[in-house]
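Structural overview
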Amino acid sequence: MQTPSFLPLLAAQSSLGHYWHKITDRTFSGVYHANGFDLAMMIPYFIVLFILALYGLHRYWLVYDYYAYRKNVPLQPPPVTEWPRVTIQLPIYNERYVIERLVEAISRFDYPPEFLDVQVLDDSTDETQEVARNCVERFAAQGMPITYIHRSNREGYKAGALENGLKSSKGEFVAIFDADFVPAPGFLQLTIPYFMNPTGGAAIGMVQTRWTYLNTDYSLLTQVETILLDGHFVVEHGARSRRGTFFNFNGTAGVWRRKTIEQAGGWQHDTLTEDTDLSYRAQLRGWKFLYLPHIECASELPVEMNGFKAQQARWAKGLMQTAKKILPKVFKANVPWHVKSEAFFHLTANISYPLMVLLSTMLLPAMIVRFYQGWIQMLVIDLPLFLASTCSISSFYLVAQKELHPQTWYRTFLYMPFVMATGIGISVRNAQAVIEAIAGKKSEFARTPKYNIAGKQGSYAKKSYRNKAGWMPYAEIFLGVYFALTVVYAVANENYATVPFLFLFVWGYLYTGFMSLGQTYLAHLRFEVETPEMRPAASGAPGF
């Protein structure tokens, strides 16, 4: 006999009715009373959730500043009549796959060669020394003003190499490019005029350009990295520069006035983010920074999970080290309150990683306790805090994509679960880095491996420099399994509203853990994606 077509609809209505009756049932209202265990769980749970919500609300505030001060953008400077001398510093460490690509890009600069001074600052300990030296000799023979400077030790790491190069440099301005960058020929002719502008140019100490990416469509990981970095370069830098608060040089693809570096105390290596450290010291001395998002500089994204996690952990630890060093000076400085508050949120933002791990361990017992306290309390208290903590992330990155890709930005919605899950997945490694910074534990400058990969072409499977996985992936996989059990508990208790959120934790921890282990032993492992091109155009027009 044929089943009537309305029976599935009745079944669905019956299921929804059952669930609604369950969450609104007041039969045992007033029977539950919190005990000591419940309070011991809920007090730290809400403290953590409240702090995360504050940092989430700060993201909303950055979006507000980005639009509220949209008119505060640098005007096009007048043409330069006399070009100043510029030193170009190329700090490298074991970069044999990309150094020649970088030097070749610099050789194409449309800048008067008699006013250029190019330095390859090599701290390498492998055959990169020979590759770089031969490359420098070849281009020098062609008339390029380039010198090779090698240090036998890595004292101060990148900051030490830059400081050492300044001793023999000749330029009034210093442009810095990391080994994985490919600046366009007109980079200096586009940036230097802002320093030479008769109207306010003398007060400018640094200009930062926007990164673009050579290998966005290589894998799912590089797509996620693109979205994360575009959020930083579009919304964070955009909002801070437009509002007039402090923002940082990103270590590469920028130009400094040499006098600014010297007056701010030079490059110092007591933090892992020497660029942010110097940026704040310079701005506290009164120097103005410019962010020029319309000027792009192409770069290569990390293509394997261990390299990506090492990079993120270095940035997380370095920012917390800088916060300990710089924030007391900022609070004592004669600067507006909004500058101080923004500096606090900027430099301490990575505290969210240990808090995220702590929240992860508390979610299951908190879910059990809150379930017995009633759905109304969860709706009124928990839900707004969760939305402030998590949805601000989505809006933050969606705004960046809308600014860069006004015609196709909506496609980013498909990637937002992966962006949020990846942020959760790297929280264990970053939490360790932040705690080490707070405790004052020193560590080496862990470089990010570069493999000369553009687009979907190329492989790192047989190349050196891959970071080791260590024990961290096992902790991530353990947390992934823990949250899978939490999903089972939520489904068993018909707490379906929490399941999508919990799945982000499951996917995030399992993805980062298994990818770290898998790429250690199967170096070619990656999740490829067929997506529309999202990389900005090389023309310089906004094109994340």
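Everything discussed here concerns the structure shown above.
Residues numbered from 1 in each chain as written. Predicted model: local features only at pLDDT ≥ 70, side-chain atom pairs only at ≥ 80, totals over all residues. Heavy atoms only, no water.

Here we take up the side chain of Glu-476. Mapping Glu-476 onto the fold places it in helix 16 (residues 472-492). Not counting the four nearest positions on each side in its chain, Glu-476 is found in contact with Lys-309, Gly-425, Val-428, Tyr-509, Leu-510, Thr-512, Gly-513 and Ser-516. (Helix = DSSP H or I, 4+ residues; strand = E, 2+ residues; numbered from the N terminus. Contact = heavy atoms within 4.5 Å.)

What follows deals with the packing of aromatic side chains. This model, assessed by the stated rule, comprises 26 aromatic pairs. Note on Tyr-482 and Phe-483: the rings are 5.3 Å apart at their centroids and 85 degrees apart in plane angle, and the pair reads as edge-to-face. Phe-483 shares its class with Tyr-482; the two are buried. Every member of this aromatic cluster is reached through a ring pair, and the members are Phe-247, Phe-249, Trp-256, Trp-267, Phe-289 and Tyr-291. Its end group placed over the ring of Tyr-93, Arg-154 keeps NZ or CZ at 3.6 Å from the ring centre. The side chain of Arg-242 reaches across the aromatic face of Tyr-66, ending 4.0 Å from its centre. (Phe/Tyr/Trp six-rings, centres within 6.5 Å; stacked < 30°, edge-to-face > 60°. Buried < 20%, exposed > 50% of the residue type's maximum accessible area, 1.4 Å probe, protein only. Lys NZ or Arg CZ within 6 Å of the ring centre and 35° of its normal.)

In this section: the packing of helix 7 (residues 220-243) against helix 10 (residues 305-332). Geometry of a packed helix pair, given as the angle between the helix axes and the separation of the axes. Closest axis-to-axis distance for the helix 7/helix 10 pair is 11 Å, and the angle between their directions is 20 degrees. Taken together, the axis directions place helix 7 and helix 10 in an arrangement best described as roughly parallel. In this structure, helix 7 meets helix 10 at a crossing whose hand is left-handed. From helix 7, Leu-221, Glu-225, Leu-228 and Leu-229 reach across to helix 10, where they touch Met-305, Phe-308 and Trp-315. For the contact of helix 7 with helix 10, the class distribution of residues is six nonpolar, no polar and one charged. (Axes fitted to C-alpha atoms, helices over the stretch in contact; angles between N-to-C directions. Parallel < 35°, antiparallel > 145°, perpendicular 65-115°, else oblique. Left-handed = near helix turned anticlockwise from the far one by under 90°. Nonpolar A, V, L, I, M, F, W, Y, C, P; charged D, E, K, R; others polar.)

Let us look at the sheet that holds strand 5 (residues 181-182). Taking strand neighbours across the sheet as the criterion, the eight strands line up as 3-2-1-4-7-6-8-5 in an open arrangement whose pairing is mixed. Of all the strands in the sheet, just strand 3 (146-150) and strand 5 have a single pairing partner and so form its edges. Bridge count for strand 4 (residues 173-176) against strand 7 (residues 254-257) is four bridges, and the pairing is antiparallel. Within strand 7, the position partnered with Ala-175 by the bridge is Val-255. In this fold helix 4 (residues 128-141) packs onto strand 1 (86-92), strand 2 (116-122) and strand 3, with an angle of close to 160 degrees to the strand it touches most, strand 3. (Pairing = 2+ DSSP bridges.)

So, about unusual backbone geometry. Notably, Asn-94 is not glycine yet its phi reads approximately 50 degrees, a positive angle. Residues other than glycine seldom take positive phi values, yet Tyr-157 does so here, at roughly 55 degrees. By secondary structure assignment, the location of Tyr-157 is in helix 5 (residues 157-166).

Interpretation note: all reported values are geometric properties and have no functional meaning in isolation.
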